[in-house]
Every structure is written in C-alpha cells, then in structure tokens.
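The residues making up each chain are set out below.
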Amino acid sequence: MYQSVLLAADGSENSFRAAVELMHFIGEKTKVTVLNVTEIEHSKDEVLHGLKPANLDSITTLFDESNVDYNVVIERGIPEETVIKYANSRDYDIITLGSRGLNSLQEIMMGSLSRKVVKKSEIPVLIVK
Amino acid sequence: MLEKFKREWLTAPGTNILAGIVVALALIPEAIAFSIIAGVDPMVGLYASFLIAVIISLVGGRPAMISAATGAVALIVVPLVRDYGVEYLFAATILMGIIQILLGIFKVGKLLKFIPNSVMIGFVNALAIMIFMAQLQHIFGISLDTYIYFIITLIILYVVPKFLRTIPAPLIAIVTLTAAYMIFGAEVRTVGDLGAIEKSLPSFLIPDVPFTLETLKIIFPYSLSMAIVGLVESLLTARIVDNATDTYSSKNRESRGQGIANLVTGFFGGMGGCAMIGQSVINVRSGATTRLSTFTAGFVLMLMIIVLGDLVVRIPMPILAGIMVVVTISTFEWKTFKYIRTAPRTDVFVMLLSVAIILLTDNLAIGVVAGVFFSAIFFATKISKVSVEMDESEHHFTFRVVGQVFFASIDTMIEQIEFRPYDKHIYLDFSQAHLWDDSAVDAIDTIVRKFEDKGNMVFVSKLNADSRKIMKELSELNEQHLT
C-alpha cells in the first residue's frame, strides 16, 4: 500500500480518471497531494481573457466523498519540470497522472507531459489512459 | 536591501543567464524587423534593444520582464521618420522617456486599471495585424527567390521546434538560410539593402534638431502616443509576468524605469521601446525569475552585434519577414474568437471597435483611448439603470429607489414616478440607492417640489451616510424633509 501519492492534475477528464484509478491502490492512511501546474501561456490567458485557474472540483469532490486524506497544491511554471521538482522535494512513493490522449501525430507536435515525467522521475510513475 | 538584491539578481544565475541568451537570440531578428518597419537603420533598433534591456534590468519594476525596441512603438513613428528624419525620432524618444517618468511619478500606473480587458485584447490583436501587414511588402512582388526563402523559413520555424527546443528556431533559420544565400546567391533583398550596420557601441549624441517650440510641436504628439502605448503594453506584460511568477511588482516603478530607459536610449541613437509580451513569455518559460535574465539578454545582444555585425547585413529580408509572420501569428490572440462568442456583447463591441479604430487610424494610442472612452460610456449606461418601486401601506405611499443615482440615471428615475395628488404622505426610500453627484441632489429636489405642487407631503428617507452628506451640502430642501 502506498503511503504518499502525488497526483498531477490539470482539471481534465484524463486527470479525473487518474484520480479514480488512484483510489484502487491507496489505503485509509495514504496521503495524496493533488498538484496542478499552471504554465505561463495560461497565465497570459488568465490576465487577458479572464480564464480561471484549472478546476479541480471533480477530483476534490471524489476524494471528499471517499474520505481520502489529500491536499491541493497549485504551482506555476513549466509543468513537467515542476512536477518532477515537487516529487523529488518530498517523500512520495509514486506519481500518478492521466495521459493527455494525444494521437501519435499530435505527440510529435506537442510532446507528452507524461512521457517527460516518466523520463525524469526517480520514483514509479503511473500513467492512466 | 541586500536581501532584495540577492533575490532579484543572484537567484538561480545559471537558469537566468541561459534564459537571457535565448531571448537575445530571438530579439535580434525582431529588433532589425522593427527598425525596418520604422524606416530606420537596423542599428537603431539594435542599440535600443541593448540599452533598454540593460537599463530596465537595473531600474525597472518587474524582474524577468523583457523590454526592448518594439513593433508597437515602431508603428507609431513611421510618419515622423518619413517626414522629418531619424534625428527627430531620437528627440521624440527622449521626450517619450520624460513623459513616462512623469507619469510614473504621478502614479499613473493606477490608471491602467481603467483600461478594460476588451481594449487590451483589441490592442494586442491590432498590433499583431499591423506588424503582419508590414511584412507583406518584403514578401510579395519582388522575386521568385524571395518566395522560396520565405516559405523555407516558415517550414524551418514550424518543424525545428518539434525536435530541438534549446536553440531558437529563428536563429537556425537565419544561420542556415543566410549561409545558403552567401554560397549560392539569390535574387533577394538583404538587410544591408535597407540600411547600414555599424559594429560599434552606441555613443552619446544630442539629436540634431532645432531646439525650438516648432520641434516640440512636431514631436510631442508622437512622444505622447509612444509613451501611452509603451506603458500600456509594459503594464499589461508586467501583469502577465506577475501572474505567471506569483509575485508582485510596482507598476509606478516600472513606468519610471521605462521612462529612464527610453530617455537614455534617445540620447544614444536608439528608438523608443517597451516591454514585450512574447519575449517575456519566452524568458519566463525558460525559467527566468531575476533581473539578471533581462540584463543578459541586452548584453548578449550587443555582443552578437559587435561580433557578427558584418553578417547581419547579409541576412535576406524574406527570412526576417518569415520570422515576423510566425511571431505575429502566435502573438495574435486566437482565443479571441471564443471570446467573441462568450463575452458580454458590449465588451465584444468595444474590443472590435478598438481593433477597427487602431487599424483605420494606423495609431495604437488613439484606438486605446477610444476603446476606453466607449467602454466607460457603456459602463455608465449599464449602471444608470435605476428602478422605482411603489408601495402603498395604511399610512403612506413609499417610492423605493433602487440603483445608482447620478447624472446619467436621473431621467430614468423621474420617468418612473407619477406626479399627482396622493391621499397619504409620501416617503422616498433610498435604502437601496446611492446618490453620487449634484445632479442626483437636484433631481431629488425636483421630485419633492413636483410632489408638493400637487399638494402632497413628501419625506426623503433612509439615505446612506454618503448620500446624506451630499444632500446636506447641496440640497435646497428643508431639514423637515429629511428623515
């Protein structure tokens, strides 16, 4: 049973699925950190278009209902680096994240956050599709 | 004091220096392109970018924000350079700096909050459109080779970043295609065809203009527009960087810093500039957080000019045009189309109007001012909706006024009241209203009088503290009317 889990979430369907999957392998005492990293382009849209920060409500509601011991952290920066930095700075057993669901052409174009995290992580990573 | 210095300069030096280098490389083509837009020697834009970046890193208010010669300011000075020459541009830049310093001292940074988002979006989009259009003359109607170089540049700019993130694609495009040009030759125009490049450091010079009122009259409108546009873009960019780094910056300090940077730059043969959204985003994305990144960008830029100055003249124009086309396409806020569908109609109207006015007048400053003006009118219209509800009870009639009472809403208020004899006392209930100006007080006096003319007894009641205060000061009613 994992003691502490880092869930990298962006408020999307995929990250919600990751949260759901996460419930399968945690125990009552497991501590979960929900980490959302806002990148600078999003900041620009927040200022200009009044875009709201990512909505993690679906995840927090799920965790509330299931009595999961969790906390939410919002950071700003480059997503893949910040996730790794955060994971390394504390004692996490595993990183969980949803895959963005890009097809292979899009992956060449945009690069995959989950793949970058897998490459640089020093602890197990679970990617939920 | 020392703590602040350490935080703003010495944190993560490696990352910040690297970020600055990346920015410098990306700045070179832009500075040259903006000089050409303004109709001046590429050196003017390059000197300006070096000076502005370095000076701002020292005196600006927003660490990690990149300021340099910009398209926004370049677009404004086109007529000035065309009709009067580059010396007038330097004089205008100096005056622009002075105006910005004054605006900073008078805490005009606060005025930024009166520029609504809709106008900002209009500004950014119109800027992108105008820079895009300025490139067309370097692409079309010249030669087949021009098209070829242009298209290859576009291809490089889209494909390379997928594979190589560390070296900016524009640099790769410039290096490879200029090399190709030098080896194979082609029928294209180069930067050198549009101006000479001097590989030396800028030197102090007093602009060669007559020191008369005449000159002042010529440059003042330009300087004012440059100052406004420069501050609008700089303060907007500062907000974005604040948001992205979760830190606060002083907008007034930034204004003063912009002013100082432009003032000095004018004396050293540079054109005016301001903060750049695109470059600041690149900087922050590369991990920059300190003033060192901005300083490095300017410093490295100058280094590159000195070292590579000769080669810069050989760069074919279609390459720069291609780079600028890609820059403008990414500067344009594509989310605007979603905005048009989802935002309130008046906001969308103001945004489109700002864009239209900027494009029609060819002037960013006029568009911003017009946008702010219309947005204020719309706002006043929206909050001038006042309603009056009438209630009858056993002992009196109550007219409850709901909303903001000021010059724009008094007509609506008065229209909703029927002035006739009532058989009970009349109470005007202002518990859900606020009186703002002398027109409001005037209107209430008028209402009371019109009721009394029909033989009614009227009482003005439940004014809040501020409303009561101006009623006491300005109203001609007797104390007995106020309860």
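Owing to the predicted nature of the structure, the values given are computational and were not obtained by experimental measurement.

In terms of regular secondary structure, chain B is built from 20 helices and 6 strands. Relative to its length of 483 residues, chain B is extended, with a C-alpha radius of gyration of 29 Å against a globular reference of 23 Å. Taken along the three principal axes of its C-alpha coordinates, chain B extends 100 × 50 × 50 Å. Looking at chain B residue by residue over its 483 residues, the buried ones come to 54%. Surface accessibility of chain B: about 21,600 Å² in total, with carbon and sulfur atoms responsible for 65%. Once the 36 positive and 39 negative side-chain charges of chain B are each reduced to a mean point, those two points are 8 Å apart.

This part is about helix α10 (residues 213–245) of chain B. With 33 residues, α10(B) extends 45 Å between its outermost C-alpha atoms, agreeing within 8% with the 48 Å of an ideal straight helix rising 1.5 Å per residue. B:D246 occupies a position one or two residues after α10(B) and carries a positive phi of about 55°.

All names here are of chain B. In this structure the tally under the stated criterion is 22 aromatic pairs over all chains. Between F406 and F407, the aromatic rings sit 5.3 Å apart at their centres with planes inclined by 85°, giving edge-to-face as the arrangement. Lying across the ring of F397, K424 places its NZ or CZ 5.5 Å from the centre. Seen from the ring of F419, K450 lies directly overhead, with NZ or CZ sitting 5.3 Å from the centre.

Glancing now at the domain arrangement of chain B. How big an interface is tends to be reported as the loss of accessible area on association of its parts. Annotation of chain B at the domain level lists domain 1 (2–344) and domain 2 (387–481). Relative placement of domain 1 of chain B and domain 2 of chain B: their C-alpha centres are 57 Å apart.

Residue and element names in this part refer to chain B. Examined against the element boundaries, S225 turns out to sit in helix α10. In this structure S225 comes out as buried when scored by relative accessible area, which is 12%. Setting aside chain neighbours within four positions, we find S225 in contact with I76, N363 and A365.

On the surface, a cluster of positive charge is made up of B:K107, B:K110, B:K113 and B:R256. Take B:R256: it is sitting in helix α11 (residues 251–267).

Turning our attention to the sheet that holds strand β4 (residues 396–405) of chain B. Residues and elements named next belong to chain B. With mixed pairing, the 4 strands of this open sheet are ordered in space as β3-β4-β5-β6. Of all strands in the sheet, those with a lone pairing partner are β3 (387–392) and β6 (458–461), marking the two edges. Neighbour to neighbour, the strand axes of the sheet diverge by 20° on average, direction disregarded. Summarising the sheet, β4 and strand β5 (residues 425–435) pair through 9 bridges and their orientation is parallel. Among the inter-strand pairings, Q404 is bridged to a residue of β5, identified as H434.

All names here are of chain B. As for its placement among the helices and strands, V86 is situated in helix α5 (residues 86–105). Along the chain, V86 and I305 lie 219 residues apart, while their C-alpha atoms are 21 Å from each other. Apart from the residues within four sequence positions on either side, V86 is in contact with V40 and V44.

About the cut-offs
Residues numbered from 1 in each chain as written. Chains lettered and ligands numbered in written order. Predicted model: local features only at pLDDT ≥ 70, side-chain atom pairs only at ≥ 80, totals over all residues. Heavy atoms only, no water. Helix = DSSP H or I, 4+ residues; strand = E, 2+ residues; numbered from the N terminus. Rg over C-alpha atoms; globule rule 2.2 N^0.38 Å. Buried < 20%, exposed > 50% of the residue type's maximum accessible area, 1.4 Å probe, protein only. Areas by Shrake-Rupley, 256 points an atom, 1.4 Å probe, with all protein chains shown as cover. Lys, Arg positive; Asp, Glu negative; His and termini not counted. Charge placed at Lys NZ, Arg CZ, Asp CG, Glu CD. Expected span 1.5 Å × (residues − 1). Phe/Tyr/Trp six-rings, centres within 6.5 Å; stacked < 30°, edge-to-face > 60°. Lys NZ or Arg CZ within 6 Å of the ring centre and 35° of its normal. Domains from an automatic or database assignment. Contact = heavy atoms within 4.5 Å. Patch = residues over 30% accessible without salt bridge, like charges linked within 9 Å, V, L, I, M, F, W, Y side chains within 5 Å. Salt bridge = Lys/Arg side-chain N within 4 Å of Asp/Glu carboxyl O. Pairing = 2+ DSSP bridges. Axes fitted to C-alpha atoms, helices over the stretch in contact; angles between N-to-C directions.

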